[in-house]
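Secondary and tertiary structure notes
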Amino acid sequence: MSHNPAFLRKDVLTRLLWSMIPETLAFAPLGIGIVPYALPGSVELANATLEQIKDHDVVLWEKHGTLAVGTDVVDAFDQTDVLNKAATIYLRAKSMGFIPEGMTDAAMRKIQEVFNLPTCRK
């Protein structure tokens, strides 16, 4: 997904993955920050990552992978793992020939309200 420019626009991937399974809202309530391609290990990549992680749970590096920060390594892993599961649901549905409907904005807002999670940016 980090190779598709359509997913790299602000909040597009966050909204899509949040809508696949309710757990994504709990494990990554601040969503995914997108970092444009930069040379691996570069200061440019580090600085862009630091900027995005201020406001997001997980950062997706274009054409690389993800980085998550949590209270411990298990928390950081869980964030990425749940988002990966949501991405897998989306991609498997696409491979079956349909675009999954996902949860509506209203359904996601209800989950956020009931579980006292940050609200959708959209």
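Read on for a plain summary of the structure. (Residues numbered from 1 in each chain as written. Predicted model: local features only at pLDDT ≥ 70, side-chain atom pairs only at ≥ 80, totals over all residues. Heavy atoms only, no water.)

1. Description of the packing of helix α1 (residues 12-20) against helix α4 (residues 73-95)
Direction vectors running N to C along α1 and α4 enclose 85°, while the axes themselves pass 8 Å from each other. In terms of orientation, α1 lies roughly perpendicular with respect to α4. Residue-level inspection shows L16, L17 and M20 of α1 in contact with α4, the latter providing L83, A86, A87, I89 and Y90. (Axes fitted to C-alpha atoms, helices over the stretch in contact; angles between N-to-C directions. Helix = DSSP H or I, 4+ residues; strand = E, 2+ residues; numbered from the N terminus. Parallel < 35°, antiparallel > 145°, perpendicular 65-115°, else oblique. Contact = heavy atoms within 4.5 Å.)

2. A short note on the pattern of salt bridges
Taken as a whole and judged by the stated rule, the model has 6 salt bridges. The residue D81 makes a salt bridge to K85 at a minimum N-O spacing of 3.4 Å. Of the two residues, D81 and K85 are both situated in helix α4; the distance of 4 residues between them amounts to about one turn of the helix. (Salt bridge = Lys/Arg side-chain N within 4 Å of Asp/Glu carboxyl O.)

3. Digging into the pairing of strand β2 (residues 58-61)
In β2, alternate side chains face the same way, and those of V58 and L60 on one face and V59 and W61 on the other are all buried. In the sheet, strand β1 (residues 32-35) pairs with β2 via 4 bridges, with the strands oriented parallel. For V35, the partnering residue across the bridge sits in β2 and is W61. Each parallel crossover has a hand, and the one from β1 via helix α3 (residues 43-53) to β2 is right-handed. One ladder, built from 3 bridges, connects β2 with strand β3 (residues 66-68); its direction is antiparallel. (Buried < 20%, exposed > 50% of the residue type's maximum accessible area, 1.4 Å probe, protein only. Pairing = 2+ DSSP bridges. Right-handed = clockwise from strand over helix to strand, strands pointing away.)

4. Let's talk about the nonpolar core
Judged by nonpolar contacts, the single largest core of 19 residues is most densely connected at L13, L16, L17, I32, L60 and L83. Of all the elements in the fold, those that place two or more residues in this core are α1, β1, β2 and α4. (Core = buried A, V, L, I, M, F, W, Y, C linked by side-chain atoms within 4.5 Å.)

5. Section: the packing of aromatic side chains
Tallied over the entire structure, the rule returns 1 aromatic pair. Consider the rings of F7 and Y90, whose centres lie 5.9 Å apart with planes at 85°: the pair is edge-to-face. Here F7 is found in the segment before α1, whereas its partner Y90 is found in helix α4, with 83 residues between them in sequence. Each member of the pair, F7 as well as Y90, carries the same accessibility label: buried. (Phe/Tyr/Trp six-rings, centres within 6.5 Å; stacked < 30°, edge-to-face > 60°.)

6. Thoughts on α4
Given a rise of 1.5 Å per residue, 23 residues ought to cover 33 Å, and the 32 Å separating the end C-alpha atoms of α4 matches this to within 8%. Residues A76, Q79, V82, L83, A86, A87, Y90 and A93 constitute the buried set of α4. Those residues of α4 that are buried lie in contact with α1, α2 (23-27), β1, β2 and β3. One side-chain oxygen of the residue at the start of α4 lies 3.1 Å from the amide nitrogen of V74, identifying that residue as D72. (Expected span 1.5 Å × (residues − 1). Polar contact = N/O pair within 3.5 Å; in protein donor to acceptor, adjacent residues only side chain to side chain.)

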